[in-house]
Amino acid sequence: MAKPEILKSIQILSKKIDLLIKENQQLKEKINQLELENQELNRMHSIDASLLAKAEKDLNYLSLSYRLAASPEALILARKEISRLIRTIDNCIRMMKED
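Conventions we followed
- Residues numbered from 1 in each chain as written.
- Predicted model: local features only at pLDDT ≥ 70, side-chain atom pairs only at ≥ 80, totals over all residues.
- Heavy atoms only, no water.
- Helix = DSSP H or I, 4+ residues; strand = E, 2+ residues; numbered from the N terminus.
- Rg over C-alpha atoms; globule rule 2.2 N^0.38 Å.
- Buried < 20%, exposed > 50% of the residue type's maximum accessible area, 1.4 Å probe, protein only.
- Areas by Shrake-Rupley, 256 points an atom, 1.4 Å probe, with all protein chains shown as cover.
- Lys, Arg positive; Asp, Glu negative; His and termini not counted.
- Charge placed at Lys NZ, Arg CZ, Asp CG, Glu CD.
- Patch = residues over 30% accessible without salt bridge, like charges linked within 9 Å, V, L, I, M, F, W, Y side chains within 5 Å.
- Salt bridge = Lys/Arg side-chain N within 4 Å of Asp/Glu carboxyl O.

**Q** What's the story with the overall build of the protein chain in this structure? I'm lost.
**A** The secondary structure content of the protein chain amounts to two helices and zero strands. In terms of overall size, the protein chain is more extended than a compact globule, its C-alpha atoms giving a radius of gyration of 34 Å where 99 residues would be expected to give roughly 13 Å. Each principal axis of the C-alpha distribution contributes one length, and for the protein chain these read about 105 × 40 × 10 Å. Counting across all 99 residues of the protein chain, residues that qualify as buried make up 3%. When the accessible surface of the protein chain is summed, it comes to about 9500 Å², and 64% of that surface belongs to carbon and sulfur atoms. Charge centroids of the protein chain, computed over 17 positive and 15 negative side chains, lie 3 Å from each other.

**Q** Help me out: how do you make sense of a nonpolar patch on the surface in this one?
**A** On the surface, a nonpolar cluster with roughly 290 Å² of combined accessible area is contributed by Ile 6, Leu 7 and Ile 10. Within the secondary structure, Leu 7 is located in helix α1 (residues 3-68).

**Q** What is the right way to look at the pattern of salt bridges in this model?
**A** A full pass over the atoms with the stated rule returns four salt bridges. Glu 40 serves as the salt-bridge partner of Arg 43, at 2.5 Å between the closest nitrogen and oxygen. A residue pair is termed a helical-turn pair when its members lie 3 or 4 positions apart in one helix, as Arg 43 and Glu 40 do in helix α1 at three residues. A residue is classified by how much of its surface remains accessible, and Arg 43, at 44% relative accessible area, is partly exposed. Looking at Glu 40, the relative accessible area reads 35%, which means it is partly exposed. The shortest N-O distance in the salt bridge between Arg 94 and Glu 98 comes to 3.1 Å.

Structural data, given as structure tokens:
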């Protein structure tokens, strides 16, 4: 007479196994979703880090520029002079390569 009790226990265990399999599948889907989200966040972090590095570089450049120049006009003149010098150097390099 123990057979009906065993069959009932097997049915209960089977239902619990089915629930666990379903929950396992849901968790796997959630893991996949979170991994995709993590990849996107890592990509965004990489972009943000490079933008931050560029902004810090610009800040250092501007800080140095303002310390060197007595006024905004002097700063503009200094930048123009630096640009002119760079063009001159580029021309010299180009001429040396031609020879």
